Amino acid sequence: MDKFLSEIWGSDKLFLDMKKLLIGDERLLAVLMATNQKNYDRFIAIYDFRDILHTLNLKANIYSVQSAQVGIINALLNSKISKNRLLDTLKRLQNEAIITALELENLENFINSISADSGTENQNKNNEQKDFFHTKMDNLDFIYEKLLSLCNGRYYEDRLKKAKQKNSELVFNVVVTGVVNAGKSTLLNAILGTKVLGTSNVPETVNLTILKHSDNSFARVKFWNESELRELDLDINDGIKRFVGKEIEIKPEELKGYTTAQNEISKAVKIVELYENLELLRDGICIVDTPGIDDAVFLREEIARRYMNECDLMVHLMNVSQSATQKDVEFLINSLKSSNIVRLVVVLTHADLLQVQDLSEVINYTKKSLEKELKTNGLDKISSEINFFTISAKKFFEGDEDSGVDSFKEYLYEIFFGQHSEKSRLVLEAYKKELISVASEFLEETKESLLHLTGSNLELSQNLKNLKERKDALAEEFKAIEDMVIIEFEKIDINSLDADFLMSLRLVGTTLKDRILNEVDFAKRRKENIDEDRIKYIIQTSLNDGLLATARIKRNEILRRIKSCATNISLKFADFKIDVDEKVFNIGDYLSAQGISFGYMDVAQKICKFLNSKELENSINTSLEEFLKDEKIANFVFNLIKFEKDEFEKKLNAKIRHRRIVFEGDENRLAKESEILSKTGGEIAENLIHFEKLRDGLSSILEELKDA
């Protein structure tokens, strides 16, 4: 290191802290690594160079630059930054004539020499796994910067920045589930590389915890709102009511004060988001640590299932000494059936507790058991694609390379960032498509300007033809949106849900009948009088609870279908995004607001007339059947799910109306451009040269995008 600094700085080399570490965006760090005694004065005079120093919290002086170079070298030695990304950016700097070929060669030789001796094989493996996605993304980002530098109008700048912003918000959701003592916290600590969970800084596992990336560590606590508290039937004291429906940001070490079961305020906590500056999270991976199997709080279970519907990967943990339990199997089957999960990984934890042969037997047993149960339940496709891992977090933290953690991390990187990652591919394609679209449209405008300047009637004619094609393309796109909206909307079938609702209520009635008969039989065997009031109470509460619970399930199902429809549309047309309101609301309050009530007491009175009669069972059947034929019941759930569908249809129509306005605006703009292009004229030579350079630059960018 000292020799390298002496060579590039000569007599200007200063005394530095050789232990300094600097981690950041490799594209920024590469510019600092390229700085030397010869180019320092030229670089420091450039605003963008000083802005890089400011972004990295460095002062604009030679000491800070040299200190930064020491920090970058140490970051490379400790595999805190990517060597490949750093070298790629340095090559681009040479291509742009910012540094010379000799300077690039010296930098490459030095960086390759220190990384070869750093002993970071596992980290390099991860970098290789990420290289496909990130190399592609870096290439596109580099082209983005070049294209942005050419744009001099807000329209194209806004489009480019929106495309860039969309990529920066890319998230890969990993939902982690498992029974108590499966080792979720320990596994997450291992793959994150630090003991951030299971310490005094982290909430108890009864809370749903979401781990996200942030440069600064903090926690965000979200609380139930009043409606949700009523739904949960939770009563909280006056001191806590000020938190209801709110969210607060606190230090991680303060979390225990809000989430420990001994504290009254913990009952009001809905979700905890924990933000940490960790490598795995830096790559856009969001980890959802669920409370565990069969959460007693149904609203939190609904939230957990919503995250499962949106997750890219579900990781289910099993203790190697208790794998494939009935709880595990039932949970996986229910989760897979009630969500859109397409990729499942099973991790057997505490692998250090078994010998190799025993561990192999457990793996085979777990595989066969799960595959059998999943196939039995119609989940053949997923059962054949499950990946199994065995991990010993204990070995990992003891430094044992055979812990299984690195293999699991490599799998994660390959799934999310590998060449066959569908989500990564779609993101790259969408980003590239928008860059091509901006460059192409801008190039066409530039050619139109050149045509106007040169007064070439031939090129003018051709360009007018191109404008017509663009206009036709706009019309085709608008037609494609309308057609897709119609197709997707027809998929939302409310009639099937209505039929399912009545079938589900009949099951409630069957259960109620068995309960009444058992109560009567029990009283007779004990030679006691039948408690008519108790029978009436059972009938009323069972019908009410069953109806509300079934209605809630059907409402959630229509919301899931609506969201699926909205997602399909937005995936194909990126700017056609529709927000679906999935707020939980009280069905009982909804009925009261609509003035709807059901004849529970009538049913109870009819049945109670036959409590001592042999016709009791027939009376129950008849009364329940009459109850279910009530039009208010049939219309209730139909109107509820129809309301959700109608609300979604309104949003769709509003989006289409807005799109038509945009479409008509584009048509008018193209018409004006055609009118302008029809008038040939002369322009000064300086403008002609400017547009020719712009045309050549855009053409070059489009060529680069072909191979990007």
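My aim in this report is to walk through the structure given alongside it, one point at a time.

Reading guide: rules and limits
Residues numbered from 1 in each chain as written. Predicted model: local features only at pLDDT ≥ 70, side-chain atom pairs only at ≥ 80, totals over all residues. Heavy atoms only, no water. Helix = DSSP H or I, 4+ residues; strand = E, 2+ residues; numbered from the N terminus. Buried < 20%, exposed > 50% of the residue type's maximum accessible area, 1.4 Å probe, protein only. Contact = heavy atoms within 4.5 Å. Areas by Shrake-Rupley, 256 points an atom, 1.4 Å probe, with all protein chains shown as cover. Axes fitted to C-alpha atoms, helices over the stretch in contact; angles between N-to-C directions. Parallel < 35°, antiparallel > 145°, perpendicular 65-115°, else oblique. Left-handed = near helix turned anticlockwise from the far one by under 90°. Nonpolar A, V, L, I, M, F, W, Y, C, P; charged D, E, K, R; others polar. Phe/Tyr/Trp six-rings, centres within 6.5 Å; stacked < 30°, edge-to-face > 60°. Lys NZ or Arg CZ within 6 Å of the ring centre and 35° of its normal. Pairing = 2+ DSSP bridges. Core = buried A, V, L, I, M, F, W, Y, C linked by side-chain atoms within 4.5 Å. Salt bridge = Lys/Arg side-chain N within 4 Å of Asp/Glu carboxyl O. Arc of directions from axis to C-beta. Polar contact = N/O pair within 3.5 Å; in protein donor to acceptor, adjacent residues only side chain to side chain.

**Observations concerning the overall build of the protein chain**
Stage number 1. Scanning the protein chain from terminus to terminus reveals 28 helices and nine strands.
Stage number 2. Burial analysis of the protein chain (708 residues in total) assigns 46% to the buried set.
Stage number 3. Intrachain contacts of the protein chain at a sequence separation of at least 6 include 80% that bridge at least 24 residues.
Stage number 4. Accessible surface for the protein chain amounts to roughly 36,800 Å². Of this, 48% is attributable to carbon and sulfur atoms.

**Brief notes about the packing of helix α15 (residues 326-337) against helix α16 (residues 356-376)**
Stage number 1. Two numbers describe how α15 lies on α16: the axes approach to 10 Å, and their chain directions differ by 40°. Here α15 is positioned oblique relative to α16, judged by the angle of their axes. Relative to α16, α15 is oriented so that their crossing is right-handed. Between α15 and α16, the contacting residues are Val329, Leu332, Ile333 and Leu336 on the first element and Leu370, Glu373 and Leu374 on the second.
Stage number 2. When the residues that make up the contact of α15 with α16 are grouped by side-chain class, the tally is six nonpolar, no polar and one charged.

**Some thoughts on the packing of aromatic side chains**
Stage number 1. Applying the stated criterion across every chain yields a total of 17 aromatic pairs.
Stage number 2. On the numbers, 3.9 Å between centres and 5° between planes, the contact of Phe4 with Phe110 is stacked. Within this pair, whereas Phe4 is found in helix α1 (residues 2-9), its partner Phe110 is found in helix α7 (residues 101-116), the two being separated by 106 residues in sequence. With respect to class, Phe4 is no different from Phe110; both count as buried.
Stage number 3. Members of the aromatic cluster, each reached through a chain of ring pairs, are Phe133, Phe172, Tyr413, Phe416 and Phe417.
Stage number 4. Here Lys423 stacks its cationic end above the ring of Phe172, 5.2 Å away from the centre of that ring.

**A short note on the environment of Ile99**
Stage number 1. Summarising the element assignment, Ile99 is placed in the loop between α6 (83-95) and α7.
Stage number 2. Using a relative accessible area of 4% as the deciding quantity, one classes Ile99 as buried.
Stage number 3. A C-alpha to C-alpha distance of 7.1 Å links Ile99 and Ala34, two positions 65 residues apart in sequence.
Stage number 4. Contact partners of Ile99, with chain neighbours within four places excluded, come to Ala34, Leu90, Leu93, Gln94, Leu104 and Leu107.

**Let's talk about the sheet that holds strand β8 (residues 344-349)**
Picture the strands of a sheet paired through backbone hydrogen bonds; they go either parallel or antiparallel.
Stage number 1. Ordered in space as β4-β3-β5-β2-β6-β1-β7-β8-β9, the nine strands form an open sheet in which the pairing is mixed. Every interior strand has two partners, whereas the edge strands, β4 (247-250) and β9 (387-390), have only one. The mean angle between the axes of side-by-side strands here comes to 20°, regardless of whether they run parallel or antiparallel.
Stage number 2. Pairing geometry for strand β7 (residues 313-319) and β8, over six bridges, is parallel. Across the sheet, Val315 pairs through a bridge with Val345, a residue of β8.
Stage number 3. Where α15 meets the sheet, its contacts fall on β1 (172-178), β7 and β8, and the angle it forms with β7 comes to roughly 170°.
Stage number 4. Along the sheet, α16 makes contact with β7, β8 and β9, crossing β9 at roughly 155°.

**As for the nonpolar core**
Stage number 1. Ranked by internal contacts, the top residues of the largest apolar core, which has 113 residues, are Ile191, Phe223, Ile287, Val347, Phe408 and Phe416.
Stage number 2. Tallying contributions element by element places helix α20 (residues 422-454) first for this core, with 10 residues.
Stage number 3. Counting 37 residues, the second largest nonpolar core, distinct from the first, contains Leu32, Met33, Leu53 and Leu58.

**Describing unusual backbone geometry**
Stage number 1. Here Ala324, not a glycine, exhibits a phi torsion of approximately 55°, which is positive.
Stage number 2. Within the secondary structure, Ala324 is located in the loop between β7 and α15.
Stage number 3. Even without glycine at this site, His350 takes up a positive phi of about 60°.
Stage number 4. Assignment of secondary structure puts His350 in the loop between β8 and α16.

**Overview of the pattern of salt bridges**
Stage number 1. The final tally for this structure, using the stated rule, is 34 salt bridges.
Stage number 2. For Asp238, the salt bridge goes to Lys241, with nearest N and O atoms at 3.4 Å.
Stage number 3. With a closest N to O distance of 3.2 Å, Lys650 and Glu647 form a salt bridge. Separated by three residues within a single helix, Lys650 and Glu647 lie in helix α27 (residues 631-677), roughly one turn from each other.
Stage number 4. With a relative accessible area of 51%, Lys650 lands in the exposed category.
Stage number 5. Residues joined by salt bridges that share partners form a network here, namely Lys212, Arg220, Lys222, Glu247, Glu249 and Glu273.

**Let's talk about helix α25 (residues 600-608)**
Stage number 1. Buried within α25 are the following residues: Tyr600, Val603, Ala604, Ile607 and Cys608. Summarising the axial view, the buried residues of α25 lie within an arc of 125°, below the 170-degree limit, and thus occupy one face.

**Re the side chain of Asp312**
Stage number 1. Within the secondary structure, Asp312 sits in the loop between α14 (298-310) and β7.
Stage number 2. Within polar-contact distance, the side chain of Asp312 engages the side chain of Lys423 at 3.0 Å.
Stage number 3. Once you skip the residues sitting within four places of it in the chain, Asp312 turns out to touch Val171, Phe172, Asn173, Arg343, Phe416 and Lys423.

**A look at the environment of Asn277**
Stage number 1. Tracing the chain through its elements places Asn277 in the loop between β5 (269-276) and α13 (279-282).
Stage number 2. Residue classification places Asn277 among the partly exposed positions, given a relative accessible area of 40%.
Stage number 3. For the pair Asn277 and Lys212, spaced 65 residues apart in sequence, the C-alpha separation works out to 8.5 Å.
Stage number 4. Contacts of Asn277, omitting those with residues within four sequence positions, involve His213, Ser214, Asp215, Ser217 and Arg282.
Stage number 5. Polar side-chain contacts of Asn277 include one of 3.0 Å to the side chain of His213.

**Describing the environment of Phe110**
Stage number 1. Since its relative accessible area comes to 11%, Phe110 is described here as buried.
Stage number 2. Apart from residues lying up to four places away in sequence, Phe110 is in contact with Met1, Phe4 and Ile73.

**Some points on the side chain of His134**
Stage number 1. Tracing the sequence through the fold places His134 in helix α8 (residues 121-150).
Stage number 2. Those residues in contact with His134 that sit more than four places away from it in its chain are Arg85, Asp283 and Phe417.

**Things to note about the packing of helix α2 (residues 26-33) against helix α5 (residues 62-77)**
Stage number 1. Interhelical geometry of α2 versus α5 gives an angle of 125° and a closest axis separation of 9 Å. The angle between α2 and α5 places the two elements in the oblique class. In the crossing of α2 with α5, the sense of the turn from one axis to the other is left-handed. Here α2 contributes Leu29, Leu32 and Met33 to the contact with α5, which in turn contributes Ala68, Gln69, Ile72 and Ile73.
Stage number 2. Looking at side-chain class alone, the contact of α2 with α5 contains six nonpolar, one polar and no charged residues.

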